[in-house]
Amino acid sequence: MSQTLLISVFAAASLSGAFTEIGRDFERAHPGARVRLNFAGTPQLVAQLEQGATADVFASADERWMQHLSEGGRLTAPGETFARNRLVFIVPRTNPARIGRLQDLARPGVKLVIGAETVPVGHYGREMLAKLANSPGFGSDFARRALANVVSQEENVKAVLGKVQIGEADAGICYRSDVTAPVARYVRVLEIPDPANVVASYPIAVLAAGTQPDLARQFVTHVLSAEGQRVLAKHGLIPIGSRAP
Amino acid sequence: MSPGAAGLSRPASAVSESAFRWLAVAASAALLAFLALPFLGLLARVSPREFVARLADPAVLEALRLSLVTSGAAAVVILMLGTPLAWLLATREFRGKRLIEVLVDLPMVLPPTVAGFALLMAFGRLGIAGRSLDAFGIQLPFTTLGVVVAQVFMAAPFFVAPARAGFMGVDRRLLDAAATLRASEPFTFFRVVLPLARPALVAGVAMSGARALGEFGATITFAGNMPGSTQTMPLAVYVALQSDLDTAVVLSVLLLAMSFGLLLGLRAAPAGFLWNRPSAGSRGF
């Protein structure tokens with residue numbers, strides 16, 4: 001009788017759809033292997049790992065936090081970028097603030113929800129607003145006025161989605177990949193022009209404190225394989241083979 | 001001879017009395033150590049000097065101010081609205097009383113995130129009651145008022161239960177005496193019942209205030225997380241844990257000290273003020 005080997009994967013909240021499917025595929029391809037997934041905001045996962053949680057694989061939504069773990073000596077090897085993502089604005093289908101174009105987001109009274117500065121989507125979002133402010137047709141105070149509209153700084157990207165889906169917020173900033181079919185029933189997407197968009201890089205690494213380094217390595221290989229990349233693309237992430245937007 | 005008496009006269013079982021006592025003490029000690037260790041761990045992380053220095057951090061002060069204001073306001077609302085409810089539950093029998101009791105207890109067992117979501121469905125701007133509020137220009141999500149609403153929802157049961165028990169403990173004979181003297185019900189309530197039930201009401205306010213102070217899940221789900229307007233101390237701890245561990249520790253210790261003080265003050269207060277329990281054997285009314 002074959003023994004069950006369990007690997008624990010800590011992954012950014014924005015990967016929940018893709019990694020759930022990849023985990024199932026991996027289990028099918030490796031009989032006897034079980035993948036336990038833990039999704040949360042990237043900084044929360046890092047805090048868990050630093051406070052002694054054991055995991056085999058870490059998939060981060062930005063390089064900042066992977067670098068942080070690397071400096072703490074918690075990785076077996078540097079993180080490898082396995083996917084990219086881009087930001088979008090979302091508004092509720094009902095569009096209570098009647099937002100027709102991106103410039104409307106800086107109009108006084110619009111309720112904007114973004115990620116907290118510590119969360120990758122919040123960090124990228126602020127960067128993107130600054131880039132928009134330097135884009136033609138936005139005005140240099142666009143970022144300042146948009147940030148003044150922020151009514152909540154959520155602790156992970158899925159919480160941003162929640163506030164917009166319910167229709168409580170007028171707009172939010174999330175990843176393109178977050179707008180899955182169930183979410184799209186409640187929100188409309190406003191695309192951000194390529195020059196101003198910030199491309200999120202997702203690195204993955206095997207953790208030094210893990211108990212199944214071999215299987216963990218195979219999981220990372222699977223994520224980087226054509227099959228893993230296909231699933232990531234299916235969930236709205238940008239595979240590393242293709243060019244960034 | 002009744003069957004019960006026969007049971008009582010049976011000789012001591014295999015476990016001797018001293019072993020029984022030791023087991024009880026050992027089990028209690030294990031649980032107490034388990035409860036105390038996390039707090040000790042927290043306290044061990046911070047030196048008193050650093051703690052005081054960091055208290056002056058504007059971010060800490062802002063969260064502290066917001067927490068005190070909101071949980072204080074929540075305690076007042078709960079006292080004003082919860083006292084009549086506790087009084088009615090203690091003194092009246094009516095159809096559907098069981099249902100109301102369950103409704104009042106529900107927030108104690110509900111996951112706070114579910115409570116926050118339910119609050120959005122009720123008082124969000126698209127919620128069943130929120131639409132009317134919105135028409136009057138009242139918005140709760142993303143506002144300090146929304147924080148108070150979430151706290152009241154989660155903390156009210158912690159007041160109603162002890163307050164009700166307090167009212168039930170008031171000696172019925174005193175009320176009969178008041179009635180004999182032709183005191184009206186309002187007069188009796190304010191001059192006889194409230195003073196007698198005061199210890200229970202104070203205990204209930206402290207418990208619910210402490211619960212409101214520690215509220216996290218319903219607040220972040222319903223009111224969001226914004227420094228200065230909705231980021232209370234528990235939310236600030238959560239965010240600081242991801243970025244600034246030292247601030248997280250200071251905020252945690254501060255919360256711990258406040259909750260500890262509130263609950264201890266409740267027990268250490270002058271006996272006459274808090275614990276003048278009605279005479280034993282009195283029936284509820």
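Here the structure is a predicted model, which means the values were calculated and not measured. (Residues numbered from 1 in each chain as written. Chains lettered and ligands numbered in written order. Predicted model: local features only at pLDDT ≥ 70, side-chain atom pairs only at ≥ 80, totals over all residues.)

Some remarks on helix 3 (residues 63–71) of chain A
All names here are of chain A. For helix 3, the complete set of buried residues consists of Trp65, Met66 and Leu69. Within helix 3, the buried residues cover an arc of 100° as seen down the axis, which keeps them to one side. Structurally, helix 3 contributes buried residues whose contacts are with helix 2 (42–50), strand 3 (57–59) and strand 9 (199–206). A positive phi of about 70° marks Gly73, the residue just after helix 3. (Buried ≥ 20, exposed ≤ 12 C-beta atoms within 10 Å, placed from the backbone. Helix = DSSP H or I, 4+ residues; strand = E, 2+ residues; numbered from the N terminus. Arc of directions from axis to C-beta. Contact = placed C-beta atoms within 7 Å.)

With respect to the nonpolar core
Among the nonpolar cores identified, the biggest contains 133 residues, and Val9, Val57, Ala59, Leu112, Val160, Ala171 and Phe219 of chain A are the most heavily contacted of them. Counting residues per element, this core draws most heavily on helix 8 (residues 144–168) of chain B, which supplies 15 residues. If near-sequence neighbours (up to four positions away) are discounted, Leu112 of chain A is found in contact with Leu105, Ala146, Asn149, Val150, Val151, Ala169, Asp170 and Ala171 of chain A. (Core = buried A, V, L, I, M, F, W, Y, C linked by C-beta atoms within 7 Å.)

Some remarks on the pairing of strand 2 (residues 33–40) of chain A
Looking down a regular strand, the side chains alternate between one sheet face and the other. Residues and elements named next belong to chain A. Pairing of strand 1 (residues 5–12) with strand 2, which is carried by eight bridges, proceeds in the parallel orientation. Looking across to strand 2, one finds that Phe10 is bridged to Asn38. You can see the chain leave strand 1, run along helix 1 (residues 16–29) and come back into strand 2, and the turn it takes is right-handed. (Pairing = 2+ DSSP bridges. Right-handed = clockwise from strand over helix to strand, strands pointing away.)

Focus: the domain arrangement of chain B
Residue and element names in this part refer to chain B. By domain assignment, chain B separates into domain 1 (17–46) and domain 2 (57–274). With five residues of domain 1 in contact, the opposing surface of domain 2 contributes five residues. Looking at the side of domain 1 that touches domain 2 residue by residue, the class counts come to four nonpolar, no polar and one charged. (Domains from an automatic or database assignment. Nonpolar A, V, L, I, M, F, W, Y, C, P; charged D, E, K, R; others polar.)

Comments concerning the pairing of strand 5 (residues 112–115) of chain A
All names here are of chain A. Because side chains alternate across strand 5, one face comprises the buried residues Leu112 and Ile114, and the other comprises Val113 and Gly115, equally buried. Strand direction decides the pairing type here: strand 5 and strand 6 (residues 150–154), joined by four bridges, are parallel. Paired with Gly115 across the strands is Glu154, a residue of strand 6. Of the strand pairs in this sheet, strand 5 and strand 7 (residues 171–175) are connected by two bridges, and their pairing is parallel. Considered in strand 7, the bridge of Val113 is made with Gly172.

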